[in-house]
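# Working through the structure, step by step
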Amino acid sequence: MSDDRNREDRDPFDARADAPADAALDALFAEARDAAAGPLPVTLREALLADARRVQPLPVRVSWGARIRALLADFGGAPSLAGVGAAGLAGLWIGIAAPGPTADLVSSFWQGASGVAPGVAAWTSEGTVLDYTGAELLTLLDSETD
Amino acid sequence: MTLSPSTGSGETDPGGLSDDALLARYAEGDPSAARLLLDRLAPRVLRLAYRLLQDQAEAEDVTQEAMLRLWQIAPDWQPGGAKPSTWLHRVAANLATDRLRKRRGVALDSIPEPDDPSPGAAEGMIEADRRIALDTALGQLPDRQRVAVVLRHLEGLTNPEIGAAMGIGVEAVESLTARGKRRLAQLLAGRRDELGYER
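Residues numbered from 1 in each chain as written. Chains lettered and ligands numbered in written order. Predicted model: local features only at pLDDT ≥ 70, side-chain atom pairs only at ≥ 80, totals over all residues.

This part takes up the overall build of chain A. Looking only at helices and strands, chain A has nine helices and zero strands in total. Scanning chain A from its N terminus toward the C terminus, one meets helices and strands in the order α-α-α-α-α-α-α-α-α. Long-range contacts, defined here as pairs at least 24 residues apart, represent 17% of the contacts in chain A between residues at least 6 apart. (Helix = DSSP H or I, 4+ residues; strand = E, 2+ residues; numbered from the N terminus. Contact = placed C-beta atoms within 7 Å.)

Pasting the structure below:
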């Protein structure tokens, strides 16, 4: 009992007992480490902000060209733009030149295609294509390609 | 005085960004990043500098110089390495120890340690707060002991790091730290009630 009382009464910073003093100091150090620091003096904060503004690099301005290049990069870069451009120009030329019924274009690559790809007039007249059954179309194709 | 970080108006809340990310934003010219960073980091730097120097004006000078160096290194900062806060505290510790050397006009490690004054020298303390008591007691330590104790026990530096900052060897750091702690214990002895240690 008396030992317990002596332990309770002992000063935690008593340098004669190293272990308790160390423990108490360590507890104080831990508290001090974790504690939030007080606010900055107003004049110091203003001076720090002024320093920061003075040496801060200028904002990076992104040009429209750079933005477009970045956008294109997502789609394969400049080569992809060339392909898309060529396709667009071809479409524009076809639209302006109006080369006529597409059946003629197809038949120039595939002789006999006109039989299965009639012109607009043939489509609009009843009983021309719609009268063919699938088997008849295949037979017709075979005969044309032979 | 406004110390709470502003949220800014970007796509993400800058206040939630890491120190690394804020430093990168600062380097890109974001004006709000500097304010957020300094409100996060500078108060602790000032506290460290004051603990080391025991002089408010000098501590503010060190804080300003350390923060300026952080701004200047921002464009070259490599994220993912040392934390900006850790880097900043190292810089501040070095700046403070340099000032202590110049203050004495001789190398810090050539100063003989004074004899320990009698226990109870902290009786002049009027605050009961533990941290104030600790800071007051730290202020009563000889410079070299105070620097070693603060860097070791409050900043978490290793003994070799402290030795490098103070320009002394590791064994000297260990000796200074041990003597500093012993002296702190003497200064705080008998103050159990004031420091909140119940009987």
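This is not the end of the story, as more comes after the structure.
The next thing to look at is helix 1 (residues 19-27) of chain B. All names here are of chain B. When we look at burial in helix 1, the residues that qualify are D19, L22, L23, R25 and Y26. Here the buried residues of helix 1 occupy an arc of 160 degrees about the axis, which is enough to place them on one side. Looking one or two residues past helix 1, G29 carries a phi angle of roughly 100 degrees, positive in sign. (Buried ≥ 20, exposed ≤ 12 C-beta atoms within 10 Å, placed from the backbone. Arc of directions from axis to C-beta.)

The next point concerns helix 3 (residues 42-55) of chain A. With 14 residues, helix 3 of chain A should reach 20 Å at 1.5 Å per residue; the first-to-last C-alpha distance of 20 Å fits that figure. The set of residues buried in helix 3 of chain A consists of L44, R45, L48 and A52 of chain A. On an axial view of helix 3 of chain A, the arc spanned by its buried residues comes to 100 degrees, and they lie on one face. Residues of helix 3 of chain A that are exposed and point more than 90 degrees away from the buried face comprise V42, T43, E46, A50, R53 and R54 of chain A. At its buried positions, helix 3 of chain A is contacted by helix 2 (31-53) and helix 3 (56-73) of chain B. (Expected span 1.5 Å × (residues − 1).)

Turning to the nonpolar core, a few remarks are in order. When a protein is soluble and globular, its nonpolar side chains tend to lie buried together. Residue and element names in this part refer to chain B. Counting 59 residues, the largest nonpolar core has L37, V45, A49, A92 and A96 as its most contacted members. Counting residues per element, this core draws most heavily on helix 2, which supplies 14 residues. For A92, the residues in contact, after removing those within four places along its chain, are V45, L48, A49, V62, T63 and A66. (Core = buried A, V, L, I, M, F, W, Y, C linked by C-beta atoms within 7 Å.)

Now for unusual backbone geometry. The backbone of Q54 of chain B shows a phi angle near 55 degrees, a positive value even though the residue is not glycine. For Q54 of chain B, the location among the structural elements is in the loop between helix 2 and helix 3.

The subject of this paragraph is the confidence of the model for chain B. Residues and elements named next belong to chain B. When pLDDT is averaged along chain B, the result is 80; 74% of the residues meet or exceed 70. For chain B, per-element mean pLDDT is lowest for helix 5 (residues 130-139), which scores 85, and highest for helix 3, which scores 96. Every residue in residues 1-11 is under pLDDT 50, and counting partners more than four places away or in other chains gives 14 contacts. Prediction confidence for the complex, expressed as pTM and ipTM, is 0.61 and 0.75 respectively. (pLDDT = per-residue confidence, 0-100.)

Moving on to the packing of helix 3 of chain A against helix 2 of chain B. Their axes nearest at 10 Å, the elements helix 3 of chain A and helix 2 of chain B cross at an angle of 135 degrees. Overall, the two elements helix 3 of chain A and helix 2 of chain B adopt an arrangement that is oblique. Seen along the crossing, helix 3 of chain A lies across helix 2 of chain B with a hand that is right-handed. Contacts from L48, L49 and A52 of chain A in helix 3 of chain A reach A34, R35, L38 and A42 of chain B in helix 2 of chain B. In the contact of helix 3 of chain A with helix 2 of chain B, the residues fall into six nonpolar, no polar and one charged. (Axes fitted to C-alpha atoms, helices over the stretch in contact; angles between N-to-C directions. Parallel < 35°, antiparallel > 145°, perpendicular 65-115°, else oblique. Left-handed = near helix turned anticlockwise from the far one by under 90°. Nonpolar A, V, L, I, M, F, W, Y, C, P; charged D, E, K, R; others polar.)

All names here are of chain B. Mapped onto the elements, T177 comes out in helix 8 (residues 170-188). Overall, T177 belongs to the buried group, with 20 C-beta atoms counted inside 10 Å. Sequence spacing of T177 and A148 is 29 residues, and the spatial spacing of their C-alpha atoms is 5.4 Å. Sequence-distant contacts of T177, that is, excluding residues within four places in its chain, are made with A148, V149 and R152.

It is worth spelling out the packing of helix 6 (residues 143-154) of chain B against helix 8 of chain B at this point. Residue and element names in this part refer to chain B. In the contact formed by helix 6 and helix 8, the axes pass within 8 Å of each other and the chain directions differ by 95 degrees. Taken together, the axes of helix 6 and helix 8 are roughly perpendicular relative to one another. Contacts from R144, Q145, R146, A148, V149 and R152 of helix 6 reach helix 8 at V173, L176, T177, R179, G180, K181, R183 and L184. Partitioning the contact of helix 6 with helix 8 into residue classes produces five nonpolar, three polar and six charged.

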